[in-house]
Amino acid sequence: GGGCGACTVMVSRYNPREKTISHFSANACLLPVCQLHLAAVTTTEGIGSTETRIHPVQERIAKANGSQCGFCTPGMVMSLYALLRNQPQPSLEDIVEALGGNLCRCTGYRPIVDGCKTFCGVRMSVMRHLESLLVDNGVPELFHEGDLLPQDPTQELIFPPELMLMAESQRPLTQTFCGERITWVSPVTLRELVELKAKHPKAPLVLGNTGVGLEMKFKGILHPVIISPTRVPELYEVNKTPDGVWVGAACSLTSLKTLVEKLVRELHEDQVETFSALLQQLRSLGGQQIRNVASLGGNIASAAPNSDLNPVLAAGRCILSVISKGGRREIAVNEDFFVGFGKTALKQDEIILSVFIPVSKRGEFVRAFRQAPRKANALATVTSGMRVRFAQGTDAVEDLAIFYGGVGPCTVGATKTCREVIGRRWNEETLNEAYRLLLDEISLPPSAPGGKVEFRRSLTLSFLFKFNLQMLQKLNEMVASRSSRSEPSWRWQVRPDCSDKRRLTFGTCRSQEVSQGQRGDDLVGRPVMHRSALSQATGEAVYCDDIAGSQGELFLALVTSTRAHAKLIKIDDGEALKLPGVVDAVTAKDIPGKKFRTFTGIDEELVWLPASTLQVTCVGQMVGAVVADTRQHAKQGAAAVKVVYEDLPDRVLTIEEAIEKKSFFKPQREIERGNVTEGFRKADQMLEGEIRIGGQEHFYMETQSMLVVPSGEEKELKVYLSCQHPTYAQSIAETLGIPSNRVSCHVKRMGGAFGGKVTKTSILASITALAAWKTGQAVRCVLERGDDMLITGARHPVLANYKVGFMNDGRIIAADIHVFAKIFTLDVSLVIEKILLHIDNAYSVPNLRGRATACKTNLPSNTAFRGFGVPQSMLVVESVINDVAMKESVVSPPLQIREKNMYKGPSITHYKLQFDPENLLRCWDECLQKADYHSRRTTIAQFNQSNRFKKRGIAVIPIKYGIAFAECFLNQAAALVHIYKDGSVLVSHGGAEMGQGIHTKMQQVASRELRIPVSLIHISETSTNVVPNTCPSAASFGTDANGMAVKMACETLLQRLEPVIREDPKGTWQSWVSWPNVVSLCRGPDTYMDWKKQEGQPYAYFTYGTCCSEVEVDCLTGDYQTLRTDIVMDIGRSINPSIDIGQIEGAFMQGLGLYTMEERKFSPSGMLYPRGPAQYKIPAVCDMPLKFNVYLLAGSSNLHAIYSSKGIGEPVLFLGSSVFFAIKDAVAAARKDVGLGGPFKLDSPACPEETCLACASCFVQMVPVPKPGSFQPWAIDV
Ligand SMILES: Cc1cc2nc3c(=O)[nH]c(=O)nc-3n(C[C@H](O)[C@H](O)[C@H](O)COP(=O)(O)OP(=O)(O)OC[C@H]3O[C@@H](n4cnc5c(N)ncnc54)[C@H](O)[C@@H]3O)c2cc1C
Ligand code: FES
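The rules we used
- Residues numbered from 1 in each chain as written.
- Chains lettered and ligands numbered in written order.
- Predicted model: local features only at pLDDT ≥ 70, side-chain atom pairs only at ≥ 80, totals over all residues.
- Heavy atoms only, no water.
- Salt bridge = Lys/Arg side-chain N within 4 Å of Asp/Glu carboxyl O.
- Buried < 20%, exposed > 50% of the residue type's maximum accessible area, 1.4 Å probe, protein only.
- Helix = DSSP H or I, 4+ residues; strand = E, 2+ residues; numbered from the N terminus.
- Near = heavy atom within 4 Å.
- Polar contact = N/O pair within 3.5 Å; in protein donor to acceptor, adjacent residues only side chain to side chain.
- Areas by Shrake-Rupley, 256 points an atom, 1.4 Å probe, with all protein chains shown as cover.
- Axes fitted to C-alpha atoms, helices over the stretch in contact; angles between N-to-C directions.
- Parallel < 35°, antiparallel > 145°, perpendicular 65-115°, else oblique.
- Left-handed = near helix turned anticlockwise from the far one by under 90°.
- Contact = heavy atoms within 4.5 Å.
- Pairing = 2+ DSSP bridges.
- UniProt positions renumbered as here; feature names shortened; annotations may be inferred.
- Arc of directions from axis to C-beta.
- Phe/Tyr/Trp six-rings, centres within 6.5 Å; stacked < 30°, edge-to-face > 60°.
- Lys NZ or Arg CZ within 6 Å of the ring centre and 35° of its normal.
- Nonpolar A, V, L, I, M, F, W, Y, C, P; charged D, E, K, R; others polar.
- pLDDT = per-residue confidence, 0-100.

Draft legend 1. Structural view of the pattern of salt bridges. Enumeration over the complete set of coordinates arrives at 62 salt bridges. In this structure, arginine 811 and aspartate 809 form a salt bridge, with 3.2 Å as the shortest nitrogen-oxygen distance. On the basis of relative accessibility, which here comes to 32%, the residue aspartate 809 falls in the partly exposed class. With a closest N to O distance of 2.9 Å, arginine 936 and glutamate 1110 form a salt bridge. Here the residue arginine 936 occupies a position in helix 31 (residues 933-946), and glutamate 1110 occupies one in strand 45 (residues 1101-1114), the gap between them amounting to 174 residues.

Structure below.
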């Protein structure tokens, strides 16, 4: 629905009157095909290809390592391409704006922006060069700008001349397209449009389709007639008058932005107040693709409760000119115009023709405010427009208008408050009265839809306060005699913001030196581009759903439970089977084999039988599936299946409820070193606390996808899927009761996975295979984003209680930590073990007890996600350290408490594993030095002293992360290397490519071992019929295990070739090779964990690192910006530094999302609310640290993995918590100002709501908090 930008294309149109061609980016998923008459649509496939000539945009994003899984890459390419078509030398700000509507879950954006920056022209290149001289002189760059193809605008595609001719020669006629269910009419004159609307008053007018399109797609609303007024010229007219400007209602928000930018430049500053306020809102409204198509009239008429424009238009006294068959009239945009959710005072047959935006007068000021879950491309939580007019030369209020969005079903005006203020002087007394009135007038019931009630109410006051600050400044400039005005008591504390004009700057990301004497053609250790990056950028890369369909292929849609805890009485598919195209329905009763799926020895149910004894255990549980000839028909079929439930009592939704009802799984795990009770007795001080860490949605860009093709012979099935564990998916054979040798699973690549495609994909594959088995046809299942989010689980939310005993100097001598993780089924309950094994992070606590309990609740079962429990576990430990540091009685800041408690010298973990933390300490020291921590700490303190409502915070966080599976049998891999007679080599191994670059690294390994160029080596896919019994590509262990297997296979082949080489030492590779393949099995480290003895070697080695982040927090809104991040990572000797740095940055940004942005809210009945990018916010390009440096620790090696490298996929995710702790640091400074010292609770994610409330500003304190239990909240914390 336009939220991710992956489908971005460029639309070009020819204007025959002006003889101009315009280009703009748009989301293909929202573009109605009927609207594209005479338009040219360009996709990434159109601008370049690896077969002919790649385009510089494609090349630069690829070579800068901006493409990992590649699923977002075509959209990124097209956003930038459209920008360059309009602005061949854009600024960095233009690039960031153009990419604002494109999400990437892998890269962390830095490499994408780095590639794009090369288009910024000479000035930027010089700056880049200067920056590179400043840092790490001599360390190789990740890519060389000099090697890039030049930009050549003359080579661009031309606008199709036939479309130009058609536009020139055709007399515009009304177009009508009749579909199966919808008729689309596009008139060309205003008269015709008015008549059509009179004839079909209920028919929507579709301009940008960003409102209607979403309704039809997600709410299932069907409009039998749609009117498209895009060809009616009057709707695009712009007329300036001395009093203001009339803007045609069909003008896109981008053209509105261009217009108001021009007016702000050209008109007198007194006149442009409303234009400036609109401009501010337009900068962050949606993404560029949305603004390019969404219309001004559409935004107004949609009357969305949190429209950004409507409060400003209302405050700015804008007027609409509307037309209908009854004639024209003018109507003011004010509190009477917005009458309810999505409803306005317009009559059904009325059309907004244009919008009048008046110029402001001297003494009149208009401002806009918004707070959203993400700085850009996110609907506002609360948004506002305010206008005041002062009597000339005084601070007497002549007029005041305050409007809000996001605090009710529609835009609302604070008329009563304004009435009271008008006529009074603008001073502290008046404003204090205004806050009180406002709180009363703009009220929200505690159960208001959307939740965040206290936060939203405090924002209404904070926005007025911000307005007040700006007005005081204006009055100061305006009112000649200052003595006539009273000084507000707090003004000295609020400096005009010195930090608002912050910009993205350059960061440092450098490769590693390879050892002296390494052959020039040996690519190990060098920054080699991801082997598929170019085909991903050109759109040639094949993902599961790109596989061409076969004749008779069917589509599968799932039927899911709508109840959290109920008896399943009946599944009635009767109506569904009667629908067009529906072929069959499947439920568990159709399963011929095993109805359970077993992972690490534990059963998980596939689909449930419709027997009265059986229960559904969560909303979103799969109860059956429907197959049909098209996706749409399958979806309609699934929606028509009637499921009868009988609700059961004792539903358990939250961890607290699970604890109360002792709804736990066994075994619970416990580990203790030393004597915790004794430790507490000896401690100088004690502290107890609690922290809640929310779950995290994987949000891989490619949703779960699979295609099962029965061969029709000997029960064979070919399964193509997007999966991290093809061998587990192969247990389709168990479901169908056939041997494994009949099922081959193939994974070409995944569009992201992050742990979410290990176990869940396999269950979906079994259901799809069951349908293919039953119908005898190929069946495809590609989950829609909403279903994927609902069904497949997410990271485990955690609630932890801790008690800690410490000395007055901050040394922790005892800690008792109990972690409760929310789970439903047991497939991944092993998470509690990983939680306990990392409960020490980098600290040596002599008496440490950890307990972990898996809670059984009626919410979808959680599953693996990058780090698998470690990011939760370590956040708990670091919170303990932070709390100790915040005790007034402990004088040291968090940094020193961390240093005091860190492992030093030969060390032993709480599970009795000996290790040397030298590299951990080296990373720590190097990070402090590179980040210039100590001097920045001083600057931050100064900043905080002189700013009352903006605070900065900084945090340094270390990590010690165990690599490998504790379950030894998972630490193995196999590879098969074929050398063909022509010298080309095919490498197959057990690792699956999900963007982490494993195939690229395996190519590098084979190239070194066989001493041949990588161009001779190919990797086609991962498949169970070539390399059987593979382990999951997870636990950051893929390269370690498969790299050794590929190495061994190559060594074996070389050994066999040796006699040939000896006989013909002057021969070539091609002349030597004539012998075929060999297979070899490689076994990894002997890891184990004995939970009875509480000891073991669950990891092969540790990956270490440290991260320092600095943030600036707006204490009035909770908004924050990461100003700078420095990461130092010990990853041994990297096989491929550019890929590893990509993993580091991507994981950091995912961690930043986990700890500060991503919220999974559930309704009180257990239904997941966020089901797409509109509600679930992952970090976007605007969330990148303004300066982002990544350093690889030099001089490190690792005996335990291939070529001395280290696993890196997962560890860095936890370092995103440095942003969380930096926010906490800033919040602590804000709390100090209001007299609140000592430790305080900040749960994760620290979203703006949590941060703002924790800052406890006077406005937060003014909002009454309803008694818990006295109302039903809109959302619950699970
Ligand atoms: C991903 C995404 C992000 C967004 N982010 C934001 C945001 O941050 N802030 C924000 O304010 N909005 C946001 N929006 C909403 C967006 O701005 C509106 O949907 C858009 O402005 C509507 O314009 P449209 O041309 O696409 O309307 P359409 O979908 O084409 O039409 C919407 C409705 O308006 C009516 N209509 C259209 N034109 C007229 C007219 N001239 N006269 C009478 N009725 C008319 C139609 O009948 C229809 O009912 C976002 C939308 C999306 C999809
Ligand atoms: S590379 Fe951007 S989503 Fe994977």
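Moving on from the model shown.
Draft legend 2. How the structure looks around the site of ligand 1. The immediate surroundings of ligand 1 are formed by 30 residues, with Leu207, Thr210, Gly211, Ser295 and Asp308 found nearest. Measuring from an oxygen atom of ligand 1, one finds a backbone N or O atom of leucine 205 at 2.9 Å. In this structure, leucine 207 approaches ligand 1 through a main-chain N or O atom, which is 2.7 Å from an oxygen atom. Within the complex, the protein chains bury 90% of what would otherwise be the 980 Å² of accessible surface of ligand 1. Counting residues per element, the ones that place at least two in the shell around ligand 1 are helix 9 (212-218), helix 13 (296-302) and strand 13 (351-358).

Draft legend 3. Spatial organisation of the packing of helix 28 (residues 870-886) against helix 36 (residues 1217-1233). It is the contact of helix 28 with helix 36, at a shortest axis distance of 11 Å, that shows an interaxial angle of 25°. When the interaxial angle is binned, helix 28 and helix 36 end up roughly parallel. For the pair helix 28 and helix 36, the crossing hand works out as right-handed. Counting all contacts with helix 28, which are made through Leu875, Glu878, Ser879, Asn882, Asp883 and Met886, the residues of helix 36 involved are Ser1217, Phe1220, Phe1221, Lys1224 and Ala1228.

Draft legend 4. Quick peek at the sheet that holds strand 23 (residues 615-616). An order of 23-19-25 is seen for the 3 strands of this open sheet, with the pairing classed as antiparallel. At either margin of the open sheet sits one strand with a lone partner, and together these are strand 23 and strand 25 (642-647). As defined by bridge partners, strand 19 (residues 566-572) adjoins strand 23 across 2 bridges and the pair is classed as antiparallel. Counterpart to lysine 567 in the pairing with strand 23 is glutamine 615.

Draft legend 5. Quick look at the sheet that holds strand 24 (residues 622-628). Read from one edge to the other, the open sheet built from 8 strands follows the order 20-24-18-31-28-29-30-41, with strand pairing classed as mixed. Looking along the sheet, the strands with just one partner apiece sit at the ends: strand 20 (582-586) and strand 41 (1022-1023). Pairing between strand 30 (residues 743-747) and strand 41: 2 bridges, direction antiparallel. The residue bridging histidine 746 from the neighbouring strand is serine 1023, located in strand 41. Strand contacts of helix 25 (residues 760-775): strand 18 (554-560), strand 20, strand 24, strand 28 (705-710), strand 29 (717-721) and strand 31 (779-782), with the helix running at about 35° to strand 28, the strand carrying the most contacts.

Draft legend 6. Up close: the environment of proline 88. Counting through the fold element by element, proline 88 comes out in the loop between helix 3 (73-86) and helix 4 (92-98). Distance from proline 88 to proline 153, taken between C-alpha atoms, is 7.8 Å for residues 65 residues apart in sequence. If we skip the residues at most four places from it in the chain, proline 88 touches Phe119 and Gln151.

Draft legend 7. Seen up close, the UniProt feature "binding site: Mo-molybdopterin" (unreviewed entry) in the protein chain. Listed under "binding site: Mo-molybdopterin" (unreviewed entry) in the UniProt record, and renumbered for this structure, are Gln724, Phe754, Arg866 and Ala1035. Taking the farthest pair of C-alpha atoms as the criterion, the annotated set spanning 312 residues converges on one region, since that pair is 12.2 Å apart. Within the secondary structure, glutamine 724 is located in the loop between strand 29 and helix 23 (726-729). Assignment of secondary structure puts phenylalanine 754 in the loop between strand 30 and helix 25.

Draft legend 8. Focus on unusual backbone geometry. Residue serine 1244 is joined to proline 1245 through a cis peptide bond whose omega torsion reads 5°. Turning to its location among the elements, proline 1245 is positioned in the loop between helix 36 and helix 37 (1248-1255). With phi around 55°, glutamine 1094 is a residue other than glycine that occupies positive phi space. Along the chain, glutamine 1094 falls in the loop between strand 43 (1088-1090) and strand 44 (1095-1097). A relative accessible area of 17% means that glutamine 1094 is categorised as buried.

Draft legend 9. Quick peek at helix 20 (residues 631-640). For helix 20, the complete set of buried residues consists of His633, Ala634, Gly637, Ala638 and Ala640. Across the axial projection of helix 20, the buried residues extend over an arc of 160°, all falling on one side. On its buried face, helix 20 is in contact with strand 18, strand 19, helix 19 (574-578), strand 20, strand 24 and strand 25.

Draft legend 10. Focus on the packing of aromatic side chains. Scanning all chains against the criterion turns up 23 aromatic pairs. Both rings, one in phenylalanine 365 and one in phenylalanine 390, keep their centres 6.2 Å apart while their planes meet at 50°; by these two values the pair is tilted. With phenylalanine 365 in strand 14 (residues 364-371) and phenylalanine 390 in strand 15 (residues 382-390), this residue pair connects regions lying 25 residues apart in the sequence. Centre to centre, the rings of phenylalanine 1220 and phenylalanine 1221 are 5.1 Å apart; their planes meet at 85°, and the pair counts as edge-to-face. Phenylalanine 1220 gets classed as buried once you look at its relative accessible area, which sits at 0%. Note that arginine 898 overlies the ring of phenylalanine 1221, its terminal NZ or CZ placed 5.4 Å from the centroid.

Draft legend 11. Just the packing of helix 16 (residues 428-441) against helix 17 (residues 453-478), in detail. At their nearest, the axes of helix 16 and helix 17 sit 10 Å apart, and the two run at 155° to each other. Taken together, the axes of helix 16 and helix 17 are roughly antiparallel relative to one another. As for the relative orientation of helix 16 and helix 17, their crossing is right-handed in sense. Residues Leu431, Ala434, Tyr435, Leu438 and Leu439 of helix 16 form the contact with helix 17, whose participating residues are Arg457, Thr460, Leu461, Leu464, Phe465 and Asn468. Among the residues forming the contact of helix 16 with helix 17, the class breakdown is 8 nonpolar, 2 polar and 1 charged.

Draft legend 12. Expanded view of the pairing of strand 31. For strand 18 and strand 31, the ladder comprises 2 bridges, and the chain directions are parallel. The partner of leucine 554 across the bridge, within strand 31, is valine 779. Pairing of strand 28 with strand 31 involves 4 bridges; the strand directions are antiparallel. The partner of methionine 706 across the bridge, within strand 31, is cysteine 781.

Draft legend 13. Just the confidence of the model for the protein chain, in detail. Mean pLDDT over the protein chain: 91, with 94% of residues reaching 70 or higher. In the model, residues 488-501 has pLDDT below 50 throughout and makes 28 contacts with residues more than four positions away in sequence or in other chains. Here residues 1075-1081 scores under 50 on pLDDT; set against residues more than four positions off or in separate chains, the count is 26 contacts.

Draft legend 14. Examining the side chain of aspartate 1130 more closely. Structurally, aspartate 1130 is set in strand 46 (residues 1120-1130). A relative accessible area of 0% places aspartate 1130 in the buried class. A distance of 3.2 Å separates polar atoms of two side chains, one belonging to aspartate 1130 and the other to asparagine 919. At 2.5 Å, the side chain of aspartate 1130 and the side chain of serine 1196 are in polar contact. In contact with aspartate 1130, not counting residues within four places along its chain, are Asn919, Cys923, Thr1103, Tyr1104, Leu1193, Ser1196 and Lys1206.

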